[in-house]
Amino acid sequence: MCGELEEESSPDEQIYSRFVAHVQSFLGDLKGRKAGDSVHAHLDRIFRELLSAAIDPNRAPDEMSGYQRLAMEPLVFARLAGFIAAHVPLSEDPLKRLIEALMLGYSEGEIAVPQDHDHGHDHFHDHDHHHHH
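As the structure is a prediction and not an experimental result, all values here were calculated from the model.

**Remarks on the confidence of the model for the protein chain**
Any segment with low pLDDT has predicted coordinates that should not be analysed in fine detail. Predicted confidence across the protein chain gives a mean pLDDT of 83, with 76% of residues reaching 70 or more. Scored below 50 in pLDDT, residues 120–125 shows five contacts in the model against residues more than four places distant or in partner chains.

Below, the structure written as structure tokens:
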């Protein structure tokens, strides 16, 4: 029990806490949007349900840390997507559509990273704002 508090303040758990906070605000934003038709409403609902499940502490075993969930659960969703997409005719280019959806999700998730990620290496990256044309 006493180890629990220690864990929560570790860098890994801070990363997970940031994820949880981002999911909650993202889901809050989604609630305001109404899908135009029942098909998209259904797809949005699945997305919201799975995203909510990913931050539900009761859905994972106690010995699994939040950071482990963050590292492993997306692989399960990717596996599921691959399994289902394998049944779509290749003429529909299912892999391209999966990758586009993956990149959309990645861009939606990216805003969760504030500027506190500098571990000394930050200044050596070629960020756009370093270039003087």
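**What to know about the packing of helix 2 (residues 11–32) against helix 4 (residues 66–85)**
Two elements in contact, helix 2 and helix 4, have axes whose closest approach is 7 Å; the angle formed by their N-to-C orientations is 65°. With respect to their mutual orientation, helix 2 and helix 4 come out roughly perpendicular. For the pair helix 2 and helix 4, the crossing hand works out as left-handed. Residues D12, E13, I15, Y16 and F19 of helix 2 touch helix 4, and the partners they reach there are G66, Y67, R69 and L70. Classifying every residue of the contact of helix 2 with helix 4 by side-chain character gives five nonpolar, one polar and three charged.

**Considerations on the pattern of salt bridges**
Scanning the entire structure with this criterion turns up three salt bridges. The salt bridge partner of E100 is K96, with a shortest N-O separation of 2.8 Å. Taken as a pair, E100 and K96 lie in helix 5 (residues 94–110) at a separation of four residues, close to a single helical turn. With relative accessibility at 46%, the residue E100 sits in the partly exposed group. Residue classification places K96 among the partly exposed residues on the basis of a relative accessible area of 45%.

**Observations regarding unusual backbone geometry**
A positive phi angle is found at D93, which is not glycine, with a value near 55°. Inspection of the secondary structure assignment puts D93 in the loop between helix 4 and helix 5. Accessibility expressed as a relative area gives 38% for D93, which makes it partly exposed.

Parameters at a glance
Residues numbered from 1 in each chain as written. Predicted model: local features only at pLDDT ≥ 70, side-chain atom pairs only at ≥ 80, totals over all residues. Heavy atoms only, no water. pLDDT = per-residue confidence, 0-100. Contact = heavy atoms within 4.5 Å. Axes fitted to C-alpha atoms, helices over the stretch in contact; angles between N-to-C directions. Helix = DSSP H or I, 4+ residues; strand = E, 2+ residues; numbered from the N terminus. Parallel < 35°, antiparallel > 145°, perpendicular 65-115°, else oblique. Left-handed = near helix turned anticlockwise from the far one by under 90°. Nonpolar A, V, L, I, M, F, W, Y, C, P; charged D, E, K, R; others polar. Salt bridge = Lys/Arg side-chain N within 4 Å of Asp/Glu carboxyl O. Buried < 20%, exposed > 50% of the residue type's maximum accessible area, 1.4 Å probe, protein only.

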